[in-house]
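# Working through the structure, step by step
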Amino acid sequence: MTACINTLSAQRSITQDEQDQQKLLDSVVVSSQAIPVESEGEKCIEIVQDLLKNELRVSLNKTDIIAPYRPFNSLQSENQANCSNLQQQQQEITLLQDDNRNLRASRDQLQHDLNGLREENIRLKSDEAIKKQEEALSKMTACINTLSAQRSVTQDEQDQQKLLDSVVVSSQAIPVESEGEKCIEIVQDLLKSELQVTLNKTDIIAPYRVGKTNPTGQNQRKIRLKLASQSTKSHLVQTAASQRKGIYINECLTRKRQHLLYHLRQIRQQNPDAIHQCFVRDGVIKVRKTSTGKHFDDVSALIETIDNKFTFIIPTETWLKEDTTQLFNMPNYSAIHNCRQIQRGGGTALYYHHELTCHHELKPFNSLQSENQANCSNLQQQQQEITLLQEDNRNLRASRDQLQHDLNGLREENIRLKSDEAIKKQEEALSKMTACINTLSAHVPSPRMNKISKSSLTL
């Protein structure tokens, strides 16, 4: 910018003079004592023709002479030119002053930012701060790994909670689907005629048809509905299962649990000796096996063939003793056994996936009820811990990303602003520009007015 100002200052007068001279290339000034005294209404073109013919014997047509006129005196012309140059210089000075103020403000802001970043850099370079950040990142990484193993299970449990009061009704007695039908009345009539169960309309919420439609024939699809209470749902399911009158009422499951139930039933058909029964109760898939010791290896091998691995496997009535539990281990699972001590039979176990971490404390029990209460309490506590860990994980992840982003930005900015050479160059440029402005301000010409006694004519 300084070099540009110096070049323009050296060339400004020459450039302006050349432009003015280009406009005057075809113009001349005629002066002579033979020129008549100026009078009102005179015709300058005829005066020029007569003067050239008498004095120089040169004849010019009127088309050869363009706009002759009596000019002002030379000092007035010079004054106008000086005024024009003065205005241009004043504009340039104003622009340079604005640039000077902007550059000073930018320099002050950069200096302020530089000081702040230097302090921030010193603080960030502290070994203690870096050590704390590394520890926080390490803990967060461990938390993320733990939550990654539990994420799908937690989401599936949340989805299943929304389906606890929902059932699917299927039967040959369901009428063919028709336009404008009222599913709530169909369900009421079906339950009353087949199961002798009477439900009010307030007990049935939003029933509708589910399943694939048959484009070539009549559709007799199932009906899915939500019940007003879980007790009503349990009563309907148990009544339909006990009476067995051709009407089936099944609990609604998530896609993952439907897939697991399908595979378990396929396994039961192929190996009836390994799995005695599999059923659903309150959204939980329960498997009733045969004797633990007799078919344990078969059950373990079947679990390995299932694509969707179980997170927890809780067998009951294990009939094991403390000295025999080590003989019943499953690949990729850790086990917690609680054996009955006072008499034969009983016993429970908890097999959990090896990616999970479980802290437990077993106490002797005297009844199956106390055993179930302990297991339920442990599961609830673990669910609460998972929820808290998820919240902590989200907060830690956001905090880590923000810290990393801020750290990278400050490091780059600090490296750039630490360059003393860039600051020195900027100060030199500002100094040169200030000197140029002062020089231009001191050499602005003042207009002067002089009289000319000599008359002239320009054409």
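Before any of the text, the structure's been laid out above.
Summary of the structure given here.

Basis of the calculations
Residues numbered from 1 in each chain as written. Predicted model: local features only at pLDDT ≥ 70, side-chain atom pairs only at ≥ 80, totals over all residues. Heavy atoms only, no water. Pairing = 2+ DSSP bridges. Helix = DSSP H or I, 4+ residues; strand = E, 2+ residues; numbered from the N terminus. Buried < 20%, exposed > 50% of the residue type's maximum accessible area, 1.4 Å probe, protein only. Axes fitted to C-alpha atoms, helices over the stretch in contact; angles between N-to-C directions. Parallel < 35°, antiparallel > 145°, perpendicular 65-115°, else oblique. Left-handed = near helix turned anticlockwise from the far one by under 90°. Contact = heavy atoms within 4.5 Å. Nonpolar A, V, L, I, M, F, W, Y, C, P; charged D, E, K, R; others polar. 1 Å grid on protein atoms, 1.4 Å probe; cavity = no way out; pocket = protein on both sides within 12 Å on 5 of 7 lines; lining within 4 Å. Points joined across faces, edges and corners; volume = space filled by probe spheres on them.

Ordered in space as 8-10-9, the three strands form an open sheet in which the pairing is antiparallel. Looking at strand neighbours, the two that pair on one side only are strand 8 (312-313) and strand 9 (333-338), the edges of this open sheet. When strand 9 meets strand 10 (residues 348-353), the two strands line up antiparallel, connected through six bridges. Within the sheet, the bridge partner assigned to Asn-338 lies in strand 10 and is Thr-348.

Time to look at the pairing of strand 4 (residues 222-227). A regular strand places its side chains so that they alternate between the two faces of the sheet. The alternating pattern of strand 4 places Ile-223, Leu-225 and Leu-227 on a buried face, while none of Lys-222, Arg-224 and Lys-226, on the opposite face, is buried. Bridge count between strand 2 (residues 166-171) and strand 4: four bridges; the pairing is antiparallel. Looking across to strand 4, one finds that Ser-166 is bridged to Lys-226. Pairing between strand 3 (residues 204-210) and strand 4: five bridges, direction antiparallel. Across the sheet, the residue bridging to Ile-205 is Lys-226, located in strand 4.

What describes two packed helices is the angle between their axes and the distance between those same axes. Their axes nearest at 11 Å, the elements helix 5 (residues 183-195) and helix 6 (residues 230-243) cross at an angle of 40°. Judged on the interaxial angle alone, helix 6 and helix 5 are oblique. Judged by the sense of rotation from one axis to the other, the crossing of helix 5 with helix 6 is left-handed. From helix 5, Leu-191, Glu-194 and Leu-195 reach across to helix 6, where they touch Leu-236, Thr-239, Ala-240 and Gln-243. Residues belonging to the contact of helix 5 with helix 6 are distributed by class as follows: four nonpolar, two polar and one charged.

Here the second largest pocket is characterised by a volume of approximately 1,500 Å³. Ile-249, Asn-250, Glu-251, Leu-261 and Arg-265 are, among the 38 residues lining the second largest pocket, the residues nearest its centre. Ranked by the residues each element gives to the lining of the second largest pocket, the list is headed by helix 7 (residues 255-270), at seven residues. Along the lines of polarity and charge, the residues of the lining of the second largest pocket split into 16 nonpolar, 10 polar and 12 charged.

Positionally, Glu-322 belongs in the loop between strand 8 and strand 9. The contact partners of Glu-322, leaving out residues within four places of it in the chain, are Cys-339 and Gln-341.

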